[in-house]
Amino acid sequence: MIKIHDFPHGARGLRVAWLCEEMDLAYAVTPVSFPPDNDYRALNPFGTVPFLQDGQVSMGESIAMMLYVAQKYGPTDALPLADNGRYAKVLQFTLLGEATLSSLMTPLLAVRFGAPSDQKRNWSALGIESRLKGTIDHLRDELGDRDFLVGSSLTLADISIATALRIWTRGVGQEMPATLRAYCERLEDRPACKRALGGR
Ligand SMILES: N[C@@H](CCC(=O)N[C@@H](CS)C(=O)NCC(=O)O)C(=O)O
């Protein structure tokens, strides 16, 4: 069975659990303490959370995990095949959720919860924050009045972006445009997402 090691409220591990729920796959979540202990670091020397185990497979990187699950246990509508017109955009926005959004939020979380108070609004933090706000505004424009980022059904892109925006609001403590807030609420209202959140 797929095993997902994650912080109890981890948004990146939620990506994988949510996808498993959408695909009706069995999985188990193993809680990771913060900071991760030595046993966890023996399992994943990079020390990053989440981490996935599935038979002989052991891997980090939440986006890679989603691609692995979708391709190994698919096909699934959440990841169109390579000859489908939506494929490239699904990949683009799925990667964007981590590479251009969440990974930039990690230093902002460190600043918010760890920096001395006179250094919380430093030059780097303000620059990263401004860049993220610009990207989020572009996402709002890209989504427009549609329900999903790519095509007319849920894809990995939506899971990746919605979980990144969860870090932005709940972790970094920022606001987001009303249309994106409504988009996230709709997605988080899906039974599969609710089950993934409930099992943690
Ligand atoms: N790109 C990685 C990022 C993983 C990551 O940075 N996770 C954070 C927590 S959400 C982490 O590992 N924090 C623990 C640490 O840095 O020691 C992924 O998508 O899985």
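Above this text sits the structure in question.
None of these values were measured; they are calculated from a predicted model.

### Looking at the nonpolar core
Here is step 1 of the chain: Val16, Ala17, Leu19, Met66, Val69, Leu156 and Ile161 are the most contacted members of the largest nonpolar core, which totals 49 residues.
Here is step 2 of the chain: Among the elements that take part in this core, helix H6 (residues 156-171) stands out by supplying 9 residues, more than any other.
Here is step 3 of the chain: Lining this core are residues from two domains, each supplying at least three of them: domain 1 (2-76) and domain 2 (87-193).
Here is step 4 of the chain: Sequence-distant contacts of valine 16, that is, excluding residues within four places in its chain, are made with Ile4, Pro50, Leu52, Ser62, Met65, Met66 and Val69.

### Re unusual backbone geometry
Glycine aside, residues mostly have negative phi, and peptide bonds are mostly found in the trans state.
Here is step 1 of the chain: Note that the residue after valine 49, namely proline 50, is joined by a cis bond; omega there is 15 degrees.
Here is step 2 of the chain: Considering the arrangement of structural elements, one finds proline 50 in the loop between helix H2 (38-43) and strand S3 (51-54).
Here is step 3 of the chain: Note the cis peptide between glycine 74 and proline 75, where omega equals 5 degrees.
Here is step 4 of the chain: The backbone of aspartate 24 sits at a positive phi, close to 60 degrees, despite the residue not being glycine.
Here is step 5 of the chain: Inspection of the secondary structure assignment puts aspartate 24 in the loop between helix H1 (11-22) and strand S2 (27-31).
Here is step 6 of the chain: Aspartate 24 gets classed as exposed once you count the C-beta atoms within 10 Å, which come to 9.
Here is step 7 of the chain: Positive phi is not limited to glycine here, since glutamate 61 has a value of about 75 degrees.
Here is step 8 of the chain: Among the structural elements, glutamate 61 can be located in the loop between strand S4 (57-60) and helix H3 (62-73).

Basis of the calculations
Residues numbered from 1 in each chain as written. Predicted model: local features only at pLDDT ≥ 70, side-chain atom pairs only at ≥ 80, totals over all residues. Core = buried A, V, L, I, M, F, W, Y, C linked by C-beta atoms within 7 Å. Buried ≥ 20, exposed ≤ 12 C-beta atoms within 10 Å, placed from the backbone. Helix = DSSP H or I, 4+ residues; strand = E, 2+ residues; numbered from the N terminus. Domains from an automatic or database assignment. Contact = placed C-beta atoms within 7 Å.

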